[in-house]
Amino acid sequence: MYWLIYLLSSLLICSIIATINKKYYPEIYFLSFLIFITPAQIEISSTEYAPSLFTFLFNLLLEQNISLRPLRPLVITIPVSIVFIFIFRVFKRKFF
């Protein structure tokens, strides 16, 4: 239930963020949505997941634990999504 609420609120926030630049709206929307949605393990021994960006901020601000472990999934997700956007834009220019 909480993930559904989080997904819907992330969609709304990403829409607000993407309206900053109308020219690149789909790209900004897609990237910001992936940044908000990428999950990370809360602890190494548990199987529970949470959004990686907010897990990192929670650890940094409240637990005062400077660990980049929650950001590891973003290191994979962001470059792959940028490559996907680049391929999509090239494909769109060639065929449309």
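Every chain begins its residue count from 1, and numbering advances along the sequence as written. Residues qualify for local features only when their pLDDT is at least 70, as the model is predicted, and side-chain atom pairs are given and counted only at 80 or more; totals for whole chains, interfaces and linings, by contrast, use all residues. To get the side-chain values, all heavy atoms of the structure are used, and hydrogens and water are removed first.

Draft legend 1. Structural context of unusual backbone geometry. A positive phi angle is found at Gln-64, which is not glycine, with a value near 55°. Looking at Gln-64, the relative accessible area reads 68%, which means it is exposed. Exposure categories follow from relative accessible area, calculated using a 1.4 Å probe and restricted to protein chains: below 20% of the type maximum is buried, above 50% is exposed, and the middle band is partly exposed.

Draft legend 2. Fine view of the packing of helix H2 (residues 25–37) against helix H4 (residues 72–95). Note on geometry: axes are C-alpha line fits, over the in-contact stretch for helices, and angles between N-to-C directions span 0 to 180 degrees. The secondary structure listing takes helices from DSSP runs of H or I that are at least 4 residues long and strands from runs of E that are at least 2 residues long, numbered from the N terminus. Running from amino to carboxyl end, H2 crosses H4 at an angle of 160°, the nearest separation of the two axes being 10 Å. The angle between H2 and H4 falls in the class roughly antiparallel. By crossing handedness, the relation of H2 to H4 is classed as right-handed. Here Glu-27, Phe-30, Leu-31, Leu-34 and Ile-35 of H2 come into contact with H4, specifically with Leu-74, Thr-77, Ile-78, Ser-81, Ile-82, Phe-84, Ile-85 and Arg-89. Taken together, the residues of the contact of H2 with H4 break down into nine nonpolar, two polar and two charged. Any angle between 65 and 115 degrees counts as roughly perpendicular, while under 35 counts as roughly parallel, over 145 as roughly antiparallel, and the rest as oblique. A crossing counts as left-handed when the near helix is turned anticlockwise from the far one by less than a right angle, and as right-handed when that turn is clockwise. In this description, contact between two residues means that some pair of their heavy atoms is separated by no more than 4.5 Å. Amino acids are sorted into nonpolar (Ala, Val, Leu, Ile, Met, Phe, Trp, Tyr, Cys and Pro), charged (Asp, Glu, Lys and Arg) and polar (every other residue, Gly among them).

Draft legend 3. A look at the packing of aromatic side chains. When two rings of Phe, Tyr or Trp (its six-membered ring) have centres within 6.5 Å they constitute a pair, described as stacked for plane angles under 30 degrees, edge-to-face for angles over 60, and tilted for the intermediate range. This model, assessed by the stated rule, comprises seven aromatic pairs. With a centroid separation of 6.0 Å and 5° between ring planes, the pair formed by Phe-36 and Phe-54 is classed as stacked. Taken together, the residues span a long stretch of sequence, with Phe-36 in helix H2 and Phe-54 in helix H3 (residues 52–61) at a distance of 18 residues. Ring centres 6.4 Å apart and planes at 75° place the aromatic pair Phe-91 and Phe-96 in the edge-to-face group.

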